[in-house]
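# Inside the fold
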Amino acid sequence: LTAYDNSFASLLDTAGVDMIMVGDSLGMVMQGHDSTLPVSVAEMVYHCRCVARGVQRALIVVDMPFMSYQQSPAHALASAGRLMQKGSAQVVKLEGGEPMAETVRFLVERGIPVCAHLGLTPQSVHQLGGYRVQGREAATAERIRHDAKVLQQAGASLLVLEAVPSALAKVVTSDLEIPTIGIGAGKDCDGQVLVLQDMLGIYPRPSPKFSRNFMENAASVDTAVRAYVAAVKSGEFPGPEHSFQPA
Ligand code: KIV
């Protein structure tokens, strides 16, 4: 799950969430922006540090925000260094396919674990024409499959697949040795992630189809998070109603 502050991070860690993503989705759910684009490295550092103080066990993955890594590998290294040194992140996540492979390799060769992110990459929302499912057509599916292999080859330790058809996520997962983490990518990824505010049903705008409100039958946030962990581990979530099909 994602978390952006100390109290929730501590609760998730205690409830058995294996990985906490300090996502740049905080630009939307914490700051009220329409996209993740306005988020800065300083803001990510601040939120990551708050999260890290609450976590004993879970892996902490932090997003590299828009324009903190696209300029050059050296610029990415400086940003990733800040996120790890000042934010206490353990893994940095960046969006993009083959064009980012050189940057992934540059970071990994310098001791920085990288999580890649393909499919719906929210920092490219304007290029994608909105928050749309990706990889529905054969050509775009093939591109995602290719990019995933290239990013693994470049040294990525993990791959987030967002809003892609389940069948494509299944193939990508079997192509790779590194774990895939799905969000709107069906049940066959190695792990799952959701934005905390979506799965608690507290984001004031409509939640994506791939999310479920775990507070609906829960007496407390702790119960809802434990139900999410159990549903993911048993394979009960995500179901077909949270998944996408090819065109
Ligand atoms: O920004 C974010 O929260 C994310 C994850 C949900 C994958 O990128």
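So, here is what we can say about the structure in this document. What you see is a predicted model, and the numbers here were worked out from it, not measured in a lab.

### Focus: the pairing of strand 6 (residues 180-183)
Residue alternation in strand 6 divides its side chains into two sets, Thr-180 and Gly-182 and Ile-181 and Ile-183, and both sets are buried. Alignment of strand 5 (residues 158-162) against strand 6, held across four bridges, turns out to be parallel. Looking across to strand 6, one finds that Glu-162 is bridged to Ile-183. Taking the sense of rotation as the criterion, the β-α-β connection linking strand 5, helix 8 (residues 166-175) and strand 6 turns out right-handed. Inspection of the sheet shows strand 6 paired to strand 7 (residues 191-192) by two bridges, in the parallel sense. Note on strand 7: the bridge partner recorded for Gly-182 is Gln-192.

### Description of a positive patch on the surface
Residues Arg-49, Arg-53, Arg-82 and Lys-86 make up a contiguous surface patch of positive charge. Mapped onto the elements of the fold, Arg-49 is located in helix 3 (residues 41-52).

### With respect to the site of the ligand
Taken together, the neighbourhood of the ligand is formed by Thr-2, Met-21, Gly-23, Asp-24, Ser-25, Asp-63, Lys-93, His-117, Val-160, Ile-183 and Val-195. At a separation of 3.1 Å, an oxygen atom of the ligand approaches a polar side-chain atom of Asp-24. The separation between an oxygen atom of the ligand and a polar side-chain atom of Lys-93 is 2.8 Å. Here the ligand has 250 Å² of accessible area as a free molecule, and 96% of this is covered by the chains. Taken together, the residues that form the shell around the ligand break down as four nonpolar, four polar and three charged.

### Describing the sheet that holds strand 7
The strands making up a sheet are joined through hydrogen bonds of the backbone, oriented either antiparallel or parallel. An order of 1-2-3-4-5-6-7 is seen for the seven strands of this open sheet, with the pairing classed as parallel. Two strands lie at the open edges of the sheet, namely strand 1 (19-22) and strand 7, each paired on one side alone. Summarising the sheet, strand 1 and strand 2 (residues 59-63) pair through four bridges and their orientation is parallel. Each bridged residue has a counterpart across the sheet, and for Met-21 the counterpart in strand 2 is Val-61. Lying on the sheet, helix 7 (residues 138-154) is in contact with strand 4 (114-119) and strand 5; it crosses strand 4 at an angle near 175°.

### Section: unusual backbone geometry
Cis geometry is adopted by the peptide bond preceding Pro-238, which originates at Phe-237 and carries an omega value of 0°. Mapped onto the elements of the fold, Pro-238 is located in the segment after helix 10 (221-234). In this structure, Met-67 takes a positive phi of about 70° despite not being glycine. By secondary structure assignment, the location of Met-67 is in the loop between strand 2 and helix 4 (73-85).

### Quick look at helix 7
Helix length check: helix 7, at 17 residues, gives a terminal C-alpha distance of 24 Å against a target of 24 Å (1.5 Å per residue), a fit within 8%. What helix 7 keeps buried is the set Ala-141, Ile-144, Asp-147, Ala-148, Val-150, Leu-151 and Ala-154. Along its buried surface, helix 7 packs onto helix 5 (101-108), strand 4, strand 5 and helix 8. Note on helix 7: the residue one or two positions beyond its end, Gly-155, has a positive phi of about 115°.

### Re the pattern of salt bridges
Within the structure shown, the criterion is met by 13 salt bridges. Here Asp-18 and Lys-233 are joined by a salt bridge, their closest N and O atoms 3.7 Å apart. With Asp-18 in the loop between helix 1 (6-15) and strand 1 and Lys-233 in helix 10, this pair connects stretches of sequence that are 215 residues apart. The class for Asp-18 is partly exposed, based on a relative accessible area of 46%. Its relative accessible area of 59% is what places Lys-233 among the exposed residues. We note a salt bridge from Arg-143 to Asp-147, for which the minimum N-O separation is 3.2 Å. A residue pair is termed a helical-turn pair when its members lie 3 or 4 positions apart in one helix, as Arg-143 and Asp-147 do in helix 7 at four residues. By relative accessible area, which is 44% here, Arg-143 ends up partly exposed. Among the ionic contacts, a cluster of salt bridges with common partners joins Asp-13, Asp-18, Arg-57 and Lys-233.

Conventions adopted
- Residues numbered from 1 in each chain as written.
- Predicted model: local features only at pLDDT ≥ 70, side-chain atom pairs only at ≥ 80, totals over all residues.
- Heavy atoms only, no water.
- Buried < 20%, exposed > 50% of the residue type's maximum accessible area, 1.4 Å probe, protein only.
- Helix = DSSP H or I, 4+ residues; strand = E, 2+ residues; numbered from the N terminus.
- Pairing = 2+ DSSP bridges.
- Right-handed = clockwise from strand over helix to strand, strands pointing away.
- Patch = residues over 30% accessible without salt bridge, like charges linked within 9 Å, V, L, I, M, F, W, Y side chains within 5 Å.
- Areas by Shrake-Rupley, 256 points an atom, 1.4 Å probe, with all protein chains shown as cover.
- Salt bridge = Lys/Arg side-chain N within 4 Å of Asp/Glu carboxyl O.
- Lys, Arg positive; Asp, Glu negative; His and termini not counted.
- Charge placed at Lys NZ, Arg CZ, Asp CG, Glu CD.
- Near = heavy atom within 4 Å.
- Polar contact = N/O pair within 3.5 Å; in protein donor to acceptor, adjacent residues only side chain to side chain.
- Nonpolar A, V, L, I, M, F, W, Y, C, P; charged D, E, K, R; others polar.
- Contact = heavy atoms within 4.5 Å.
- Axes fitted to C-alpha atoms, helices over the stretch in contact; angles between N-to-C directions.
- Expected span 1.5 Å × (residues − 1).

Take it as geometry only, folks, not as evidence of what the structure does.
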